[in-house]
Amino acid sequence: MKKFNIKFITVSLIMLLAFGACHNLDDLNINPNNPDPEVTDLNLLMPTIIINLGQNIVGLGIGDIAGVMQHTQKTGWSSGHNDYDWNNPGQSWGGYYDILRNADEFYNKAVKEELEFHQGVGLILKAYTFGLIADLWGDAPFSEALKAEQGPDFYKPVFDSQQDIYHGILAYLEEANTLLSKNSDEYTNINSSQDVLYEGDVTKWRKFANSLALRYYMRLQAKEPSVAQEGISKITGDPAKYPVITLASEEANVAYSGSSPGTSWPINMVFNIDPLGEYMRRKPCATLVETLQALDDPRLGVWADKVEIPLVLVTGTGVDRIVDGKREISKDVEQAFLDKWEGEDNLYVDYDQEYVGIPVQTFSAQAYNLTPNYTQQAAYNPHVSQLNEMYKETSGPLLQMRLLSAAEVNFILAEAALYNWASGSPETYYANGIEESFNAWGVADQFDAYIGDAGYNGLESIIQQKWIASWTAAAEAWFDYRRTGLPDLQTGPSARREKLPLRFYYNINEDLSTNTANAEAAVAKLEPTQYKGSDQTNNSAWSKFWLLQGTTKPY
């Protein structure tokens, strides 16, 4: 892991890279501040691809998926984050196909130049990105994607099944493992300064490939258990052939340099000084805060700040005053606040003296806990916790693009051992997962005291700790929730539906308009649930794609 220093500006596309109205891919995704994929040394492409991918992962991990998984809630401009207000026009996958176009160019150049290290890296990056598209939307262009330059037959590519995409990326990762299996001195043209992920370390890239394969085999656990078992057993049964990430020092992380807006932690308050900006809008969610408090989890203090002015309930009536840095209120003042939110029977005032989170999907989010200035969206609230001060900064040792963690791999191994798909004790892997999360977040010295009160208790405990460890990388927790129903998260009063969403909407302005026949065929394969609500077609966040159909999960 290293900081990136190249000048990087994300390009937004109006239409998909590989298909749509534009027939010449060279006209798309050309950034005057970044190298042209077709004319530059492929090493110069590597940081652009990795950083693009990493920024998308962070965007998911602290964005609306963090709201879905109840890591955070917003107190301003919150409908997408808190309430799943996603449907019009839907989510765009153009940025992911941006990444894929460059990754495909990188891979093809590596093949042409017979550079096996770069071929392996290219396959990993393609697998990661295609996998995300399948995870988020379901069926999508895969086999005919990225081929528009070959002529009109590929301007409107078919949507491959989600199943075929998953199997396809697992084949990519198997090939990548083989390509990366030689001694380091057998590879040529490795430029460690351009590899912002692993500095040209072949072994770490190989571990990344196999760890990503473990992720996707486990993704198939409920739908294709025999495929999942065979793949996981293959990898875990031969660690010499299939090494994996098990230590925090091996994680697939990229740090920010913080030298410009495009190279900085995205919600920093250095380049964006707006006091109502993205940092101020996000607060820890009570679901996560109270879980961490129950476990006496030291990661809470790493991720959140303590309340500036705690509330204290005192006797009397009409009491509302600041005494010794605390706000004392009487029961009638508390009740007057609660009465403003008619219908929220479970709403409460939180008198915790250290950490207070925003309850999930409450209409009172920007006013919660008696905010003094609650009419202003995203206003500072001294009676709830803010995200830790470090998230105001442009960079720092814990501000990372976290593509895949050692904690995740150990929790996958714990679940695999639980099913007898891997040798070893699920309890041991479970404890290792927590320990590596503690190592990653700088609280390693508190692990021994913690683990006794966070004991192993089967699948529920594995997924709970995996959910906690996915902080700032919440998409993976969402994908686990969908296949297991864990953690057992409940919606709140302001949610658009009674259950958590299951997928992203296909975007109205992209394939539904430009590649209509293939897009509509994919929509027809979606299975609507009873929570589809007002969505007029099966293109709903509450429709099940192939992975979930027939599994009864998560509902």
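Nothing here was measured: the structure is a model prediction, and the numbers come from that model. (Residues numbered from 1 in each chain as written. Predicted model: local features only at pLDDT ≥ 70, side-chain atom pairs only at ≥ 80, totals over all residues. Heavy atoms only, no water.)

### Remarks on empty space enclosed by the protein
Space left empty within the atom packing is revealed by a probe, the size of a water molecule, rolled over the atoms. We count it as follows: For cavity detection a 1 Å grid was placed over the protein atoms alone, and a set of points counts as a cavity when a 1.4 Å probe fits there but cannot get out; an open set counts as a pocket when protein lies on both sides within 12 Å along at least five of seven lines, with lining residues being those that have an atom within 4 Å of a point. Grid points are joined across faces, edges and corners, and a volume is the space filled by probe spheres set on the points. Secondary structure is summarised from DSSP: a helix means a run of H or I of at least four residues, a strand means a run of E of at least two, and numbering begins at the N terminus for each. The classification used treats Ala, Val, Leu, Ile, Met, Phe, Trp, Tyr, Cys and Pro as nonpolar, Asp, Glu, Lys and Arg as charged, and all other residues, Gly among them, as polar.
Applying the stated rule across the entire model yields seven cavities of 30 Å³ or more. Looking at the largest cavity, its volume works out to about 300 Å³. Along the walls of the largest cavity sit 26 residues, with Ser-405, Glu-408, Ser-470, Ala-473 and Glu-476 positioned nearest its centre. Only α5 (116–136), β7 (400–404), α13 (406–418), α14 (426–440), α16 (459–469) and α17 (475–484) provide two or more residues apiece to the lining of the largest cavity. Tallying contributions element by element places α17 first for the lining of the largest cavity, with five residues. Of the residues that constitute the lining of the largest cavity, the class distribution is 15 nonpolar, three polar and eight charged.

### A look at unusual backbone geometry
In this model, Asn-88 is joined to Pro-89 through a cis peptide bond whose omega is 10 degrees. Tracing the backbone shows Pro-89 in the loop between α3 (79–83) and α4 (94–112). Of note, the bond from Lys-553 into Pro-554 is cis; its omega dihedral lies within 30 degrees of zero at -10 degrees. Tracing the backbone shows Pro-554 in the segment after β9 (543–544).

### Quick look at the layout of surface pockets
The calculated volume of the second largest pocket comes to roughly 310 Å³. Taken together, 15 residues form the lining of the second largest pocket, with Asn-346, Tyr-348, Pro-359, Val-360 and Gly-492 sitting closest to its centre. Residues that form the lining of the second largest pocket fall into these classes: six nonpolar, six polar and three charged.

### With respect to the nonpolar core
Quick note on the threshold: Side-chain atoms within 4.5 Å are what join buried Ala, Val, Leu, Ile, Met, Phe, Trp, Tyr and Cys residues into a set we call a nonpolar core. Partly exposed describes any residue whose relative accessible area lies between the buried limit of under 20% and the exposed limit of over 50%, with all areas from a 1.4 Å probe on protein chains only and scaled to the type maximum. Contact criterion: two residues are considered in contact whenever any of their non-hydrogen atoms come within 4.5 Å of each other.
Within the largest apolar cluster, 150 residues are counted, with the highest numbers of intra-cluster contacts made by Met-69, Phe-130, Trp-205, Phe-208, Tyr-391 and Trp-478. Ranked by residue count, the leading element in this core is α5, at 12 residues. For Trp-478, the residues in contact, after removing those within four places along its chain, are Ile-65, Val-68, Met-69, Trp-86, Leu-136, Pro-501, Leu-502, Arg-503 and Phe-504. Of all hydrophobic cores here, the second largest spans 16 residues; its members include Phe-337, Leu-338, Trp-341 and Val-349.

### Considering the packing of aromatic side chains
In plain terms, the rule: Here the aromatic set is Phe, Tyr and Trp, taking the six-membered ring for Trp, and pairing holds for ring centres within 6.5 Å; pairs whose planes are under 30 degrees apart are stacked, those over 60 apart are edge-to-face, and all others are tilted.
In the structure shown here, the tally under the stated rule is 35 aromatic pairs. Summarising the aromatic geometry, the rings of Tyr-348 and Tyr-368 are spaced 6.3 Å apart at their centres and angled 80 degrees between planes, so their arrangement reads as edge-to-face. With Tyr-348 in the loop between α12 (331–339) and β7 and Tyr-368 in the loop between α12 and β7, this pair connects stretches of sequence that are 20 residues apart. Under the relative-accessibility criterion, Tyr-348 is labelled partly exposed at 29%.

### As for the side chain of Thr-484
We apply this condition: Any N or O atom pair separated by 3.5 Å or less is treated as a polar contact, with the protein-specific requirement of one donor-capable and one acceptor-capable atom, and with residues adjacent in sequence counted only for side-chain atom pairs.
You can see Thr-484 is positioned in helix α17. Given a relative accessible area of 8%, Thr-484 falls into the buried group. In terms of polar contacts, Thr-484 uses its side chain to reach the backbone carbonyl oxygen of Asp-480, at 2.8 Å. If we ignore the near neighbours within four places in the chain, the residues touching Thr-484 are Gln-221, Ile-463 and Lys-553.

### Section: the pairing of strand β2 (residues 252–255)
Filter applied, for reference: Here, any two strands with at least 2 DSSP bridges between them count as paired.
The alternating pattern of β2 places Ala-252 and Val-254 on one face and Asn-253 and Ala-255 on the opposite face, and all of these are buried. Of the strand pairs in this sheet, β2 and β7 are connected by four bridges, and their pairing is antiparallel. Along β7, the bridge assignment pairs Ala-252 with Leu-404.

### A look at the confidence of the model for the chain
The test is simple: One confidence number per residue, pLDDT, is output by the predictor and ranges from 0 to 100.
Overall, the predicted model of the chain reaches an average pLDDT of 93, with 93% of residues at or above 70. In this model residues 6–32 is a low-confidence stretch, pLDDT under 50, and it forms 72 contacts with partners more than four residues away in sequence or in other chains.

### Observations regarding the packing of helix α1 (residues 42–62) against α5
The condition is simple: For every element, the axis is a line fit to its C-alpha atoms; helices are fit only across the contacting stretch, and the angle between N-to-C directions ranges from 0 to 180 degrees. Oblique is the label for any angle not under 35 degrees, not over 145, and not in the 65 to 115 range, which are roughly parallel, roughly antiparallel and roughly perpendicular in turn. Left-handed describes a crossing whose near helix is turned anticlockwise from the far helix through less than a right angle; right-handed describes the clockwise counterpart.
Orientation of α1 relative to α5, taken along the N-to-C sense of each, is 25 degrees, at an axis distance of 12 Å. Between α1 and α5, the crossing angle belongs to the class labelled roughly parallel. Here the hand of the crossing between α1 and α5 comes out left-handed. Residue-level contacts link Leu-42, Asn-43, Met-46, Ile-49, Ile-50, Leu-53, Ile-57 and Leu-60 of α1 to Phe-117, His-118, Val-121, Leu-125, Tyr-128, Thr-129, Leu-132 and Leu-136 of α5. Residue composition of the contact of α1 with α5, grouped by class: 13 nonpolar, three polar and no charged.

### Here's the deal with the sheet that holds strand β5 (residues 320–323)
Strand order across the open sheet formed by three strands is β4-β6-β5, with mixed pairing between neighbours. Bordering the open sheet on either side are β4 (311–314) and β5, each of which pairs with just one other strand. Ignoring which end each strand starts from, the neighbouring axes of this sheet average 30 degrees apart. Summarising the sheet, β5 and strand β6 (residues 326–330) pair through four bridges and their orientation is antiparallel. Across the sheet, the residue bridging to Asp-320 is Ile-329, located in β6. Sitting on the sheet, α12 touches β4, β5 and β6, and the angle it makes with β6 is about 85 degrees.

### A few points about the side chain of Thr-263
Positionally, Thr-263 belongs in the loop between β2 and α9 (278–281). Polar contacts involving the side chain of Thr-263 include one to the side chain of Ser-259, which spans 3.2 Å.

### A closer look at the packing of α1 against α4
At a minimum axis distance of 10 Å, the contact between α1 and α4 shows a crossing angle of 150 degrees. It follows that α1 is roughly antiparallel to α4 by the angle criterion. Read as a crossing pair, α1 and α4 show a hand that is left-handed. Only Tyr-96, Ile-99, Asn-102, Ala-103, Phe-106, Lys-109 and Ala-110 of α4 make contact with α1, whose side of the interface consists of Leu-42, Leu-45, Met-46, Thr-48, Ile-49, Asn-52, Leu-53, Asn-56 and Leu-60. Grouping the constituent residues of the contact of α1 with α4 by class yields 11 nonpolar, four polar and one charged.

### Regarding the pattern of salt bridges
Note the cut-off: In the sections that follow, a salt bridge refers to a side-chain nitrogen of Lys or Arg positioned within 4 Å of a carboxyl oxygen of Asp or Glu.
On inspection of all chains with the given rule, the structure shows 24 salt bridges. Where salt bridges share partners, they join Asp-135, Arg-215, Arg-219, Glu-408 and Glu-476 into one cluster.

### Describing the pairing of β6
Residues in a regular strand project their side chains so that they alternate between the two faces of the sheet. Extensive coverage of β6 is indicated by the burial of four of its five residues. Judged from the four bridges that link them, β4 and β6 form a sheet pairing that is parallel. If you follow Leu-311 over to β6, its bridge partner there is Arg-327. Between β5 and the antiparallel strand that follows it, β6, lie two residues; Asp-324 among them carries a positive phi value of about 50 degrees.

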